[in-house]
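Secondary and tertiary structure notes
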Amino acid sequence: GAYLMASSPMQVMQKRFLRQLARANPNPRRCEPGPGQSLSAGKVNDFFEFFQSVIVSRNMYYLNTNLVKPLTEKFRLSYADLAGPSVVEF
C-alpha cells in the first residue's frame, strides 16, 4: 500500500530554507567559476542565522554533508549559484 514518508526536522528546515532562497533567487543557474561565483557576507550570514540551532559548534564537513549538499543536489548547482552569486572584490 501507499504510505507517506515523514520528513525529519532537518528536512523540514531545509525545505523552508529552499523556499527562502527561491524568493531571493527564483531562477538559479550555473555561472562561470571565478570571482562572479562568490557569496556575499550577507548570504553567508543568512545561512548561518537560519541554521544556527543546528550548526552550534559543528565544522564545515558536517555543514557540507548535512546542509549544503542536500540543499543543492536536486539543482546540481553550487550553493553560490543556488543562493545567487555575487562578485567579490578584494
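Structure first, text after, so check above.
Residues numbered from 1 in each chain as written. Predicted model: local features only at pLDDT ≥ 70, side-chain atom pairs only at ≥ 80, totals over all residues. Heavy atoms only, no water.

**A closer look at the packing of helix 2 (residues 41–55) against helix 3 (residues 60–72)**
To be explicit about the condition: For helices, the axis comes from a line fit to the C-alpha atoms of the stretch in contact; other axes are also lines fit to C-alpha atoms, and the angle between any two N-to-C directions lies between 0 and 180 degrees. For helices the rule is a DSSP run of H or I covering at least 4 residues; for strands it is a run of E covering at least 2, with both sets numbered from the N terminus onward. For this classification, under 35 degrees means roughly parallel, over 145 means roughly antiparallel, 65 to 115 means roughly perpendicular, and everything else is oblique. By convention the crossing between two helices is left-handed if the near helix lies anticlockwise of the far one by an angle smaller than a right angle, and right-handed if it lies clockwise. In what follows, a contact means two residues having at least one pair of non-hydrogen atoms within 4.5 Å. Here the term charged refers only to Asp, Glu, Lys and Arg, the term nonpolar to Ala, Val, Leu, Ile, Met, Phe, Trp, Tyr, Cys and Pro, and the term polar to all other amino acids, Gly among them.
Their axes nearest at 12 Å, the elements helix 2 and helix 3 cross at an angle of 130 degrees. With respect to helix 3, the element helix 2 is oriented oblique. The handedness of the crossing between helix 2 and helix 3 comes out as right-handed. Within the contact between the two elements, helix 2 uses F47, F51, V54 and I55 and helix 3 uses Y62, L63, L67, V68 and L71. For the contact of helix 2 with helix 3, a count of residues per class yields nine nonpolar, no polar and no charged.

**A look at the nonpolar core**
This is how the line gets drawn: Think of a nonpolar core as a cluster: buried Ala, Val, Leu, Ile, Met, Phe, Trp, Tyr and Cys residues, connected wherever their side-chain atoms sit within 4.5 Å. Residue exposure (1.4 Å probe, protein chains only): buried if accessible area is under 20% of the type maximum, exposed if over 50%, otherwise partly exposed.
Core analysis: the biggest nonpolar cluster contains 15 residues, and F17, F47, F51, L71 and Y79 have the highest contact counts within it. Of all elements in the fold, only helix 1 (9–24), helix 2, helix 3 and helix 4 (79–83) reach the threshold of two or more residues within this core. Counting residues per element, this core draws most heavily on helix 2, which supplies five residues. Beyond its immediate sequence surroundings of up to four residues, L71 is in contact with Q14, F17, L18, F47, F51, Y79 and L82.

**Description of unusual backbone geometry**
Non-glycine residue V56 carries a positive phi angle of around 45 degrees. As for its position among the elements, V56 is in the loop between helix 2 and helix 3. Given a relative accessible area of 62%, V56 falls into the exposed group. For R76, which is not glycine, the phi torsion reads 55 degrees and is therefore positive. Positionally, R76 belongs in the loop between helix 3 and helix 4.

**Let's talk about helix 3**
Our working definition: Any helix carries an expected span of 1.5 Å times its number of residues minus one.
With 13 residues, helix 3 should reach 18 Å at 1.5 Å per residue; the first-to-last C-alpha distance of 16 Å falls well below that figure. Within helix 3 the residues assigned to the buried category are L63, L67, V68, L71 and T72. In the core, the buried residues of helix 3 are packed alongside helix 1, helix 2 and helix 4.

**A short note on the layout of surface pockets**
The condition that has to hold: In this analysis, the protein atoms alone were mapped onto a 1 Å grid. Cavities are point sets where a 1.4 Å probe fits without being able to get out; pockets are open sets with protein on both sides within 12 Å along at least five of seven lines; lining residues have an atom within 4 Å of a point. Grid points are joined across faces, edges and corners, and a volume is the space filled by probe spheres set on the points.
Taken as a whole, the largest pocket encloses approximately 160 Å³ of empty space. Taken together, L39, V44, F47, F48, I55, M60, L63, V68 and Y79 form the lining of the largest pocket. With four residues, helix 2 is the largest single contributor of residues to the lining of the largest pocket. For the lining of the largest pocket, a count of residues per class yields nine nonpolar, no polar and no charged.

**Thoughts on a positive patch on the surface**
Note the following rule: The patches reported here contain residues having more than 30% relative accessible area and no salt bridge. Joining distances are 9 Å for like charges and 5 Å for nonpolar side chains (Val, Leu, Ile, Met, Phe, Trp, Tyr). All accessibility values rest on the Shrake-Rupley procedure with a 1.4 Å probe; residue burial counts only the protein chains present in the view. Here, a salt bridge means any side-chain nitrogen of Lys or Arg that lies within 4 Å of a carboxyl oxygen of Asp or Glu. Positive residues here are Lys and Arg, negative ones are Asp and Glu, while His and the chain termini are left out of the count. Charge positions are represented by NZ for Lys, CZ for Arg, CG for Asp and CD for Glu.
The grouping of K15, R16, R19 and R23 at the surface amounts to a positive patch. Tracing the chain through its elements places K15 in helix 1.

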